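Listed here are the chains, written in short residue letters.
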Amino acid sequence: MRRLIPLTALLLGAAAPAKVDMAAAILPPPAAPGKAVLPFVKEAAGKLALRHVRIIDGTGAAPLVDRTLLIDGGRIAGILPGDALPGADYRVIDATGKSVMPGIVGMHDHQYYIARPNLTAEGRSEPPLMVPQMTFSSPRLYLASGVTTLRTTGSVEPYTDLNMKAAIDAGTLPGPHMDVTGPYLEGSGSPFLQMHPLKDAADAARTVNFWADQGATSFKAYMNITRAELKAAIDAAHARGLKVTGHLCSVTYPEAAALGIDDLEHGFWVNTQLDPGKAADVCPDSDGGPTLAAMTPDSAAGKALIALLVAKHVAVTSTLPVFEAASPTYRTLPPRQLELMSPEARTDYFYVRTRVATASPERKAAQATLWANELAMERAFVAGGGLLIAGPDPTGGGQVLPGFGDQRAIELLVDAGFSPIEAIRIGTLNGAVYLGLDGRIGSITVGKDADLVLVDGDPSKAIGDIEKVVTVFKDGVGYDPAALLVSVRGRYGQY
């Protein structure tokens, strides 16, 4: 009998590529902070003791009250009673009234900002959409807000992201650990001229292999990809031990699950399986709105989809902040976030904010239905055994900022009906589990990496306290959020 050779083997040649060691790639040995990083260091690496601190460990367990957390170099060295005296070689930090939680693992954290040339108050702009890189401001905003590890989840300047990661890992730039997603795997018809349109399935596999060779550790399919292209990309990525997520449209969620995709972005907002007139491999103008409007956890389609995703071990990334304009309680950004934006970005934001506020009652009601269905589907997915992870998708008119959006993603999960400690787990440990890094990060356990966030108050009771960041520890080095934010004031949207 003739032996069939998989497409990926033909494209890759006779030798199968080696599997990527994700821990080594994303969490390399820490480097000492360099000249450009030292101004933001609040606590140097060494032996530290956070005394009388509340520990929210990220597992969903009840907080440990009045403990002393020991950090030795880049590791969590011990958890003692609050009144225990650490060794004389420990520097003691009085953390009375404060809580420590794992560093946030942001799972939809871009390093760019979408610019719309000559945007008007009526929402019109001139083509083409441009995507300037925020290489200076974004990594600082993430780190200042407690994001210690992130997935870029789509790149328009993949070499920039890869070089940024290398510089952060070398200690020459401040920022989180990075899972660098390769360039968008997009089909023809994209409005983004900076994206490569895939020619066919073979091109999809070549693209994955090329960027995996450059150091990309994950991939993201986009709105106009075909099923054949997506399947080829998934096969090529899996051959290297890498995962593929998708912000889909042309391919429905059930189709993507059948093809072996690992993750689906934007919750259930962009599934098009019930959109009227949906044609195979074509993204409809409706972009999934009719599907979400009809899909509730109690509907036949909703039950079937959740069961399929759970059975296929497909994760779902909640990105509630980018859709918060649909919420009946949508808020204006607080002043401390607005002052971080460039004047142009701030103006764009208020154009968008005003259009949301002045929408017709019918439009607001339709959006509120989508918002309610999304929250319900995310709760039902978790209740059904699904892995929900979180990220903000910081793009567009400035309504979602890096880092602050990651905090908001966790807060909105509480609005969705999760308890604060459940929401914190989704924003920390679940992301680590998806990345295969839960042996190193995502929860507070002796022996794990000292990637931690110290905050004022008690987020296990008042989730808004997650915003009161005092110190961010990455690899045991404590960073000053205030200094990081001052350094980018007025710059987000510029560079």
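Small disclaimer: the values here were computed from a predicted structure and weren't measured. Once a new chain begins, its residue numbering starts again from 1 and follows that chain's sequence as written. Only residues with pLDDT of at least 70 are given local features in this predicted model, and only at 80 or more are side-chain atom pairs given and counted; all residues enter the totals for whole chains, interfaces and linings. Heavy atoms throughout the structure, all of them, feed into the side-chain values; hydrogens and water do not.

Only runs of H or I of at least four residues qualify as helices and only runs of E of at least two qualify as strands under DSSP, and these elements are numbered from the N terminus. Per the secondary structure count, the chain includes 16 helices and 17 strands. Over its C-alpha atoms the chain spans a radius of gyration of 22 Å, differing by no more than 12% from the 23 Å that the globule rule assigns to 495 residues. Overall, the C-alpha framework of the chain stretches about 70 × 65 × 45 Å when taken along its three principal axes. Classification of the 495 residues of the chain by burial places 56% in the buried group. Two residues qualify as a contact provided that any one of their heavy atoms is within 4.5 Å of a heavy atom in the partner residue. Considering only contacts within the chain whose residues lie at least 6 apart along the sequence, 74% involve residues at least 24 apart. Total accessible area on the chain stands at roughly 18,600 Å², and carbon and sulfur atoms take up 57% of it. Within these notes, the globule rule equals 2.2 Å times the number of residues to the 0.38 power, and the radius of gyration is based on C-alpha atoms. Three exposure classes are used, based on accessible area relative to the maximum for each residue type with a 1.4 Å probe and protein chains only: buried under 20%, partly exposed in between, and exposed over 50%. Method for areas: the Shrake-Rupley scheme with a 1.4 Å probe, in which residue coverage is limited to the protein chains shown.

Attention now goes to helix 5 (residues 201–214). For helix 5, built from 14 residues, the straight-helix expectation of 20 Å at 1.5 Å per residue is met to within 8% by its first-to-last C-alpha distance of 20 Å. Listed as buried for helix 5 are Ala201, Asp203, Ala204, Ala205, Thr207, Val208, Asn209, Trp211 and Ala212. The definition of a polar contact used here is a pair of N or O atoms within 3.5 Å, where within protein one atom must be able to donate a hydrogen and the other to accept one, and adjacent residues in sequence count solely through side-chain atom pairs. Taking the backbone nitrogen of Ala202 as reference, a side-chain oxygen 3.2 Å away marks Asp200 as the first, capping residue of helix 5. Of the residues one or two after helix 5, Gly215 is the one with positive phi, at around 120°. What a helix is expected to span follows from its residue count: subtract one and scale by 1.5 Å.

Further remarks concern the pairing of strand 13 (residues 315–318). In strand 13, alternate side chains face the same way, and those of Ala315 and Thr317 on one face and Val316 and Ser318 on the other are all buried. Strand pairing follows a simple DSSP-based rule, namely that at least 2 bridges must link the two strands. Looking at chain direction, strand 12 (residues 263–264) and strand 13 are connected through two bridges and run parallel. Within the sheet, the bridge partner assigned to Leu264 lies in strand 13 and is Val316. Direction of pairing for strand 13 relative to strand 14 (residues 388–390): parallel, over a ladder of three bridges. In the sheet register, Ser318 faces strand 14, and the bridge partner there is Ala390.

Here we take up the side chain of Gln111. Position of Gln111 among the secondary structure elements: in the loop between strand 7 (104–106) and helix 3 (137–144). Aside from chain neighbours lying at most four places away, what touches Gln111 is Gln133, Met134, Thr135, Ser138, Pro139, Tyr142, Leu150, Thr152, Asp161, Met164 and Met178.

Let's shift gears to the state of the cysteines. In what follows, a disulfide is any cysteine sulfur pair within 2.5 Å. A complete count under the given rule lists one disulfide for this structure. Across the disulfide, Cys249 is cross-linked to Cys283 (sulfur-sulfur distance 2.0 Å). Taking the torsion about the S-S bond as the criterion, the Cys249 to Cys283 disulfide, at about 80°, is right-handed. Pair noted here: Cys249 is in the loop between strand 11 (243–246) and helix 7 (253–259) and Cys283 is in the loop between strand 12 and helix 8 (289–294), with a separation of 34 residues, a long-range link.

Excluding glycine, residues mostly have negative phi values, and the peptide bonds linking residues are mostly trans. In this structure, the amide linkage connecting Pro127 to the following residue, Pro128, adopts the cis form with an omega of 0°. Although it is not a glycine, Thr153 sits at a positive phi angle of roughly 55°. Along the chain, the position of Thr153 falls in the loop between strand 8 (147–151) and helix 4 (158–169). A residue is classified by how much of its surface remains accessible, and Thr153, at 0% relative accessible area, is buried. Even without being a glycine, Asp287 presents a positive backbone phi close to 55°. Looking at the element boundaries, Asp287 is found in the loop between strand 12 and helix 8. On the basis of relative accessibility, which here comes to 36%, the residue Asp287 falls in the partly exposed class.

Attention shifts here to the environment of Ser419. Tracing the chain through its elements places Ser419 in the loop between helix 13 (404–415) and helix 14 (420–427). The class of Ser419 is partly exposed, set by a relative accessible area of 25%. For Ser419 and Gly60, which are 359 residues apart along the polypeptide, the C-alpha to C-alpha distance reads 9.0 Å.

In spatial order, the strands read 12-13-14; together these three strands make up an open sheet with parallel pairing. Looking at strand neighbours, the two that pair on one side only are strand 12 and strand 14, the edges of this open sheet.

One can describe the packing of helix 9 (residues 300–311) onto helix 12 (residues 361–383) by two numbers: an axis separation of 10 Å at closest approach and a directional angle of 45°. By the angle between their axes, helix 9 is oblique relative to helix 12. Judged by the sense of rotation from one axis to the other, the crossing of helix 9 with helix 12 is right-handed. Contacts between helix 9 and helix 12 involve Gly302, Ile306, Leu309 and Val310 on the former and, on the latter, Met377, Ala380 and Phe381. Classifying every residue of the contact of helix 9 with helix 12 by side-chain character gives six nonpolar, one polar and no charged. Geometry is summarised by axes, namely lines fitted to C-alpha atoms with helices restricted to the contacting stretch, and by angles between N-to-C directions that run from 0 to 180 degrees. For classification purposes, an angle smaller than 35 degrees is called roughly parallel, one larger than 145 roughly antiparallel, one from 65 to 115 roughly perpendicular, and anything else oblique. With the far helix as reference, a near helix turned anticlockwise by less than a right angle produces a left-handed crossing, and one turned clockwise produces a right-handed crossing. When residue character is reported, Ala, Val, Leu, Ile, Met, Phe, Trp, Tyr, Cys and Pro are called nonpolar, Asp, Glu, Lys and Arg charged, and the others, Gly included, polar.

Of note, Ala383 is situated in helix 12. Between the C-alpha atoms of Ala383 and Val352, which are 31 residues apart in sequence, the distance is 35 Å.

Just to be clear on terms, a salt bridge is a Lys or Arg side-chain nitrogen sitting within 4 Å of an Asp or Glu carboxyl oxygen. A complete count under the given rule lists 18 salt bridges for this structure. Between Asp449 and Arg75 there is a salt bridge; the shortest N-O distance is 2.9 Å. You can see Asp449 sitting in the loop between helix 15 (429–435) and strand 15 (452–456) and its partner Arg75 sitting in strand 4 (residues 75–81), a full 374 residues away along the chain. A relative accessible area of 4% places Asp449 in the buried class. Each of Arg75, Arg440 and Asp449 takes part in salt bridges that share partners, so that together they form one network.

Moving on: the side chain of Glu186. By secondary structure assignment, the location of Glu186 is in the loop between strand 9 (177–179) and helix 5. Buried and unpaired, Glu186 has Lys220 as its nearest opposite-charge partner, separated by 10 Å. Not counting residues up to four positions away in its chain, the partners in contact with Glu186 are Met195, His196, Pro197, Leu198, Tyr222, Met223, Asn224 and Ile225. The charged-residue count follows a simple rule in which Lys and Arg add positive charge and Asp and Glu add negative charge, with His and chain termini not counted at all.

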